[in-house]
Amino acid sequence: MTFTETSLRPRAAGDAPPAIDLRGLHKSFGSVHAVDGIDLAVEPGEVVAFLGPNGAGKTTTIDLLLGLSVPDAGTVQVLGLDPTRAIAEGRVSAVMQTGGLLKDLTVGETVEVTASFFRSARSAAEVLGRAGIADIAGRKVGSCSGGQQQRLRFALALLPDPDLIVLDEPTTGMDVEGRREFWTALRADAARGRTILFATHYLDEADAYADRIVLVSHGRIVADGSAAQVKNLASGRLVSATLTDLTPADEAALRGLPGVQSVELRGDRLLVRTSDSDGVARLLLTSTTATDIEITARGLEDAFLALTSATAGSPS
Amino acid sequence: MTTTETATTATAARGTAQRPTAAPDRTPRTGLLNGRFLAVELRRLLRNRRTVIFTLVMPPVFFLIFGANAGYRHQSVGHGNVTAFIMVSMALYGAMLATTGGGASVSVERAQGWTRQLRLTPLRPATYVTTKVLVAMVLGLAAVVVVGAVGLAEGATGQGGALVWSLLLAWVGSVVFAAFGLFMGYLLPAENVMQILGPVLALLAFAGGLFVPLGDGVFAQIAKAVPTYGVAQIVRAPLTGESVTGWAVLNVVGWAVVFGLGAAWRFRRDTARV
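Residue positions within a chain follow its written sequence, with the count starting from 1. Note on labels: chains are lettered from A, ligands numbered from 1, in written order. Confidence filtering applies because this is a predicted model: local features only for residues at pLDDT of at least 70, side-chain atom pairs given and counted only at 80 or more, and all residues used for totals across whole chains, interfaces and linings. As a rule here, side-chain values come from all non-hydrogen atoms in the structure, and water together with hydrogens is ignored.

Q: Hey, could you go over the overall build of chain A for me, with residue numbers and the actual values?
A: A count of helical and extended segments in chain A gives 11 helices and 13 strands. Throughout, exposure labels follow a simple rule: accessible area from a 1.4 Å probe, protein chains only, divided by the maximum for the residue type, with under 20% read as buried, over 50% as exposed, and the rest as partly exposed. Here chain A holds 316 residues, and the buried ones make up 56% of them. At a minimum sequence separation of 6, the contacts of chain A that also span at least 24 residues come to 71%. Helix and strand assignments come from DSSP, with helices taken as H or I runs of at least 4 residues and strands as E runs of at least 2, each series counted from the N terminus. Whether two residues are in contact is decided by their heavy atoms, any of which lying within 4.5 Å being enough.

Here you go:
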């Protein structure tokens, strides 16, 4: 089910190195393979969603990408550099999920002190404005809402004018309005040509804000393509029917139908995911003992679940 | 405008939009100290009223409890009176409180994820630790000055140079406890690390003979191994005129090495890439 039509923009010959170049990444914690063989190249200017359920390995991959941890195997290059070098030069910055702010500092002081860590940084007024929080510069971080704190983290990430910004589930815990404002600020920034990679488990965020969606599950990339391609995956339907015995021949016939993505038997309920529900229904009614046939449209969530759970343990 | 439209126009615009061409100077900063960072850290210290008041009020109060006996003014310890002797002891206690607290404040910043955030910037970890120690030493100096002022007002006298030397040594010697604070701050995950360290420091002060004389019993023997013992002996030496024993020097150097290595070990662990 993996498809790879990764590059949305043709890469000019002799151009800059990839913004992100991960090869054969592996990282285990004890017996848990948090990252189990990830290869990913992101070209400059792409806005990539790193999409997957909790525990898929997104945060571990981001830690490796930022040089906060080292892989057991594989290589990480950020803008052609070692990640720690890229951080030291301010070429990459990150917005982490939670924490990372001192509650007793004001918003303005946090920006001011972080700016001082760089040899040259954008002005505090500029980054606060771009993050949409210029009006709360004097407020204590501790009394800011979750959304305001997240936009402060974003403002901090803008300070070195990085080529790449990495965001780890940036809208976790925000209300709908906060999420919308955050993405508006980010999207406006992306329009300037910066490379952005964000992790999320919200499919609608990936769909609305990314040019490219990389689906991860169990430490692997299970799908990688444009938002439109992922949407296509979700355009199919779910055909379910009661079937007491599914013979191997029936199953093979179902799988052989055009458009069928998966065939699954849960108890005596058969579930077929397909882009051609008519064909499946016809086959079920004519050549099997299936009864109680139901056809339902699949949402994005269902496609997401299908992709991220189908690969559990079965190498694709 | 709906979000989808925003996304589409943004994508379209990105093909033509150019990043600003003026390339920023990306070489990481050199130099151990960062004035802006130091200034903000000092501002944070002043804002932390509870710590400041505790550190500046406790030692003079203890001094008044243990040292405000009129009779002490007329008893000599060598180059000063007993009041002065108790004053420099309490100055050391105040400086210890300040530097331990300053070092231990890394635990709170670790808990808040600030140290992790700093790792995503070019800030050198050495700059962070040095700044924390410097700020702790500033508060330590304030504690020494306050105890000195209260002590002089209460009749502490001695040869001018002896008093100044003792107070200065109390301040400088407290750097050992900055290392202790850092070590504990990296070791203890608790946000309320000072609630643990406060009583520990009081105990160390008692056991090392800062609050009451050690006498000649078994406690005096135990005291020789306590981290406050050596510093106290050295701090009092100008005032008593006694020469500093090798044991006192060994005590200070030994504990400085233990705390320094401990802090370095935990610090490396904290900033290691795992």
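Q: Now, about the packing of helix 3 (residues 49-67) of chain B against helix 6 (residues 125-153) of chain B: what can you tell me, with residues and values included?
A: Residue and element names in this part refer to chain B. Viewed as axis vectors pointing N to C, helix 3 and helix 6 meet at an angle of 30°, and their least axial separation amounts to 9 Å. In this view, helix 3 runs roughly parallel relative to helix 6, as classed from their interaxial angle. Seen from above, helix 3 lies across helix 6 with right-handed handedness. Contacts between helix 3 and helix 6 involve Thr51, Val52, Thr55, Leu56, Pro59, Pro60, Phe63 and Leu64 from the first element and Leu139, Ala142, Ala143, Val146, Val147, Val150 and Gly151 from the second. Just so you know the grouping, Ala, Val, Leu, Ile, Met, Phe, Trp, Tyr, Cys and Pro go in nonpolar, Asp, Glu, Lys and Arg go in charged, and all remaining residues, Gly too, go in polar. Split into classes, the residues belonging to the contact of helix 3 with helix 6 amount to 12 nonpolar, three polar and no charged. Only the stretch in contact is used when fitting a helix axis, every axis being a line fitted to C-alpha atoms; angles between N-to-C directions are given from 0 to 180 degrees. Any angle between 65 and 115 degrees counts as roughly perpendicular, while under 35 counts as roughly parallel, over 145 as roughly antiparallel, and the rest as oblique. Two helices crossing with the near one rotated counterclockwise from the far one by less than a right angle form a left-handed crossing, whereas a clockwise rotation gives a right-handed crossing.

Q: How would you sum up the interface of chain B and chain A? Please name residues and give values.
A: Across the contact, 39 residues belong to chain B and 54 residues belong to chain A. Taken together, the two surfaces of chain B and chain A that pack against each other cover about 4,400 Å², and 53% of this comes from carbon and sulfur. Think of a salt bridge as a Lys or Arg side-chain nitrogen and an Asp or Glu carboxyl oxygen that are within 4 Å of each other. Where chain B touches chain A, the interface holds seven salt bridges. One salt bridge connects Arg36 of chain B with Glu112 of chain A, and the closest N-O pair in it is separated by 2.7 Å. Under the rule applied, a polar contact is a pair of N or O atoms within 3.5 Å (in protein, one hydrogen donor and one hydrogen acceptor; residues adjacent in sequence only if both atoms are side-chain atoms). For the interface between chain B and chain A, the tally reads 17 residue pairs in polar contact (both at pLDDT 80 or more). When contributions to the side of chain B that touches chain A are tallied by element, the ones reaching two or more residues are helix 1 (3-14), helix 2 (35-47) and helix 5 (114-118) of chain B. Partitioning the side of chain B that touches chain A into residue classes produces 15 nonpolar, 11 polar and 13 charged. Throughout, buried area stands for the accessible area (probe radius 1.4 Å) lost by two parts on being put together, summed over both.

Q: Which residues make up the sheet that holds strand 11 (residues 260-266) of chain A, and what values go with them?
A: Residue and element names in this part refer to chain A. Pairing between strands is defined by DSSP: at least two bridges between the two strands are required. Taken together, four strands build an open sheet; the order of strands is 11-12-10-13 and the sheet is antiparallel. Every other strand in the sheet has two partners, leaving strand 11 and strand 13 (291-297) as the edge strands with one partner each. Between one strand axis and the next, the sheet turns by 15° as a mean value, whatever way the strands run. Both strand 11 and strand 12 (residues 269-274) contribute to a ladder of six bridges, which runs antiparallel.

Q: Help me get a handle on unusual backbone geometry, residues and values and all.
A: Residues and elements named next belong to chain A. Not every positive phi belongs to a glycine, and Leu79 is a case in point at roughly 55°. By the element assignment, Leu79 lies in the loop between strand 4 (73-78) and helix 2 (83-88). Since its relative accessible area comes to 17%, Leu79 is described here as buried. Phi is positive for Glu169, close to 40°, though the residue is something other than glycine. Note that Glu169 resides in the loop between strand 6 (164-168) and helix 6 (176-190). With relative accessibility at 5%, the residue Glu169 sits in the buried group.

Q: Could you give an account of the environment of Ala91 of chain B, naming the residues involved and the relevant values?
A: Residues and elements named next belong to chain B. Examined against the element boundaries, Ala91 turns out to sit in helix 4 (residues 82-111). The spatial distance from the C-alpha of Ala91 to the C-alpha of Val147 is 5.5 Å, given a sequence separation of 56 residues. With residues near it in sequence (within four places) discarded, Ala91 still touches Val144, Val147, Leu167 and Ala170.

Q: How would you summarise the sheet that holds strand 9 (residues 220-226) of chain A if you had to cite specific residues and measurements?
A: Residues and elements named next belong to chain A. Ordered in space as 5-6-7-3-8-9, the six strands form an open sheet in which the pairing is mixed. The open sheet has two edge strands, strand 5 (92-95) and strand 9, and neither has a second partner. Averaged over all pairs of adjacent strands, the angle between their axes in this sheet comes to 15°, without regard to strand direction. As defined by bridge partners, strand 5 adjoins strand 6 across four bridges and the pair is classed as parallel. Bridge assignment links Ser93 to a residue of strand 6, and that residue is Ile165. Its contacts with the sheet put helix 5 (residues 146-158) on strand 5 and strand 6, and the angle it makes with strand 5 is roughly 175°.

Q: Any details on a nonpolar patch on the surface? Residues and values, ideally.
A: Residues forming no salt bridge and having over 30% relative accessible area are the ones grouped into patches, like charges within 9 Å of each other and nonpolar side chains (Val, Leu, Ile, Met, Phe, Trp, Tyr) within 5 Å. Residue burial considers only the protein chains on display, and all accessible areas are found by Shrake-Rupley using a 1.4 Å probe. A grouping of Val244, Val249, Val253, Val257 and Leu261 of chain B is seen on the molecular surface, where their side chains present a nonpolar patch of about 400 Å² in accessible area. Looking at the element boundaries, Leu261 of chain B is found in helix 12 (residues 246-271).

Q: How would you summarise the pairing of strand 9 of chain A if you had to cite specific residues and measurements?
A: Residue and element names in this part refer to chain A. Within strand 9, six of the seven residues are buried, which leaves it mostly tucked inside the rest of the structure. The pairing of strand 8 (residues 212-217) with strand 9 spans six bridges and is antiparallel. Directly across from Val214, in strand 9, lies its bridge partner Asp224. Linking two consecutive strands that pair antiparallel, namely strand 8 and strand 9, is a turn of two residues; a positive phi of about 50° is found at His218 within it.

Q: Tell me about the nonpolar core, and please be specific about residues and values.
A: Grouping buried Ala, Val, Leu, Ile, Met, Phe, Trp, Tyr and Cys residues that are joined through side-chain atoms within 4.5 Å yields what is termed a nonpolar core. Membership of the largest hydrophobic core comes to 62 residues, with the highest contact counts inside it found for Met87, Leu92, Tyr128 and Leu210 of chain B. At 14 residues, helix 4 of chain B tops the list of elements feeding residues into this core.

Q: Give me the lowdown on the environment of Ser217 of chain A, citing residues and values where you can.
A: With respect to the secondary-structure elements, Ser217 of chain A resides in strand 8. Here the alpha-carbon distance between Ser217 of chain A and Gly57 of chain A, two residues 160 residues apart in the chain, equals 7.2 Å.

Q: Residue-level account of the side chain of Gln150 of chain A, with values.
A: Residues and elements named next belong to chain A. Note that Gln150 resides in helix 5. Assessed through its relative accessible area of 2%, Gln150 is described here as buried. Apart from the residues within four sequence positions on either side, Gln150 is in contact with Val95, Met96, Gln97, Glu169, Pro170, Thr171, Met174 and Phe182.

Q: Please set out the confidence of the model for chain A residue by residue, giving values where relevant.
A: Summarising the model, chain A shows a mean pLDDT of 86, and 89% of its residues fall at 70 or more. Counting interchain partners and residues more than four positions distant, the pLDDT-below-50 stretch residues 1-11 of chain A has 31 contacts. As a per-residue measure, pLDDT tells how confident the predictor is, with possible values from 0 to 100.

Q: Any details on the pairing of strand 12 of chain A? Residues and values, ideally.
A: Residues and elements named next belong to chain A. Counted residue by residue, strand 12 has five buried out of six residues, so it is predominantly covered. Strand direction decides the pairing type here: strand 10 (residues 237-242) and strand 12, joined by six bridges, are antiparallel. Residue pairing for strand 12: Ala241 is matched across the bridge by Leu270. Turn length for the strand 11-strand 12 hairpin, with the two strands adjacent in sequence and antiparallel, is two residues, and the turn residue Gly267 shows positive phi of about 65°.

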